[in-house]
Amino acid sequence: MNPKQNKKLYWQLPFLAILIVGTVLIIRQQHATPYQKCAGGIFGTSYHITYQYDDDLQSEIEAKMKEVDASLSMFNKESIITRINSNKPVELNDMFTEVFLQAQKISEDTDGAFDITVGPLVNAWGFGFKNEQLPDKHAVDSLMAIIGYKKVSYKNHKIIKSDPRITLDCSAIAKGYGVDAVARLLEEKGINNYMVEIGGEVVTRGISEKRVPWKIGVTKPTDNPLVDGNELQTILNVTDKAMATSGNYRNFYYKGKRKYAHTIDPKTGYPVQHSILSATVLTSTCMRADAYATAFMVMGFEGAKKVLERNPDLMAYIIYDDKGENKVWFSPSLKEKIEH
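Residues numbered from 1 in each chain as written. Predicted model: local features only at pLDDT ≥ 70, side-chain atom pairs only at ≥ 80, totals over all residues. Heavy atoms only, no water.

**Some thoughts on the pairing of strand E3 (residues 152-155)**
Quick reminder of the rule: For two strands to be treated as a pair, DSSP must find at least two bridges joining them. To qualify as a helix, a DSSP run of H or I must reach at least 4 residues; to qualify as a strand, a run of E must reach at least 2; elements of each kind are numbered from the N terminus.
Here four bridges tie E3 to strand E4 (residues 158-161), and the two strands are oriented antiparallel to one another. When the sheet's bridge partners are listed, Ser153 is paired in E4 with Ile160. Counting the residues between successive antiparallel strands, the hairpin from E3 to E4 contains two residues, one of them, Asn156, with a positive phi of roughly 50 degrees.

Quick look at the structure:
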């Protein structure tokens, strides 16, 4: 080695030493920083949040979820969506606007399978607000006059309805958005390791307190009341992803000998009748995962696969009934994320 190379090496050694020491200190700090946990109720369901941070952020997290509730909850009498449904003057905020525009975009992409105006039909069929009397054809046809995502629009910071009787129901996207909102809050704090779960919808980043990737279970669908309902179909590695599941196996009822599932097809006005039992979607945001999971339950197996083909950022794990036997189909890109 010539003198010039020696001199260059001597200059590089201090920088290398600083880099090594800095890396060790960062790793030590990461191990020393505790994982905080908080849990509670919101949006009519429960939440569980784990994050690596020195301070307890539960009050800020709950405040953020209440912001979402004040924008998108139909059960909040003063929320933005309630005022829109009541045709009262209201100023839209960024949260409501973001969710509404994303919902309309997904409705367009799924040819109306996802539709935030479908609420009156959901209620008429005995889901949501309970209704003892099932609707007849005349009742369904009458409601169809006020169903359709193309009958509402966003213009000049206002929601425009083609008919004042139209109401919005964001329950199939708002919960996912709530997960995203909390995740953003944690990101703004510089938190790199966290898991946010609200009512089964999840966003994760980094690693768990066990220093391994986050793993989330997919429940095995069953409508047998004697079965626990918590048996897992599979476990997925969802690190740095959002995940949401929609299924008909928990929210249904029998009238006579016929089973009525809570997923309503906005095009027909009737509960869907196809083989999909549950659809789990993974993508970059929980809002999109939530909405597409619902859309897939409406569209059925073949329709869902077409949507997946034109949206490469979406991955799906679909459990379906094949002549009384549960079978599974999943996106090829999801294979490496399946733990077992």
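**Details of the sheet that holds strand E14 (residues 325-330)**
Put simply, the test is: Helix axes are fitted only over the stretch in contact, all axes being lines through C-alpha atoms; the angle between N-to-C directions runs from 0 to 180 degrees. Residue contacts are defined here by distance: any two heavy atoms, one from each residue, within 4.5 Å place the two residues in contact.
Spatially, eight strands are ordered E1-E2-E5-E6-E9-E12-E13-E14 in an open sheet, and the strand pairing comes out antiparallel. Two strands lie at the open edges of the sheet, namely strand E1 (35-42) and E14, each paired on one side alone. Across the sheet, the mean angle from the axis of one strand to that of its neighbour is 10 degrees, orientation sign disregarded. Strand direction decides the pairing type here: strand E5 (residues 194-198) and strand E6 (residues 201-205), joined by five bridges, are antiparallel. Its bridge partner being in E6, Tyr194 is matched across the sheet by Arg205. Strands in contact with helix H7 (residues 174-188) are strand E2 (45-52), E5 and E6; relative to E5, the strand with the most contacts, it is inclined by about 155 degrees. Sheet strands touched by helix H8 (residues 286-310): E6, strand E9 (242-247), strand E12 (276-283), strand E13 (315-322) and E14. Its angle to E12, the strand with the most contacts, is close to 125 degrees.

**Some thoughts on the nonpolar core**
Across soluble globular proteins, you tend to see nonpolar side chains buried next to one another. What counts is decided by this rule: Throughout this description, the term nonpolar core refers to a set of buried Ala, Val, Leu, Ile, Met, Phe, Trp, Tyr and Cys residues connected via side-chain atoms within 4.5 Å. Only protein chains enter the accessibility calculation, which uses a 1.4 Å probe; a residue whose area is less than 20% of its type maximum is buried, one above 50% is exposed, and one in between is partly exposed.
Counting 48 residues, the largest nonpolar core has Leu72, Phe96, Phe114, Leu168, Cys170, Ile173 and Phe296 as the members making the most contacts within it. Setting aside chain neighbours within four positions, we find Phe114 in contact with Ala103, Ile106, Ser107, Ala172, Ile173, Ala291, Thr294 and Ala295. Judged by nonpolar contacts, the second largest core, of 20 residues, contains Val179, Tyr194, Val196 and Cys286.

**With respect to the pattern of salt bridges**
Quick reminder of the rule: The term salt bridge refers to a pairing of a side-chain nitrogen on Lys or Arg with a carboxyl oxygen on Asp or Glu at a separation within 4 Å.
Following the criterion strictly, the structure yields 16 salt bridges and no others. A salt bridge links Arg310 to Asp109; the shortest N-O distance between them is 2.9 Å. Here Asp109 lies in helix H4 (residues 94-109) and Arg310 lies in helix H8, a separation of 201 residues in the sequence. Notably, a salt bridge pairs Lys327 with Asp322, separated by 2.8 Å at the nearest N-O pair.

This is a description of form; function is not addressed.
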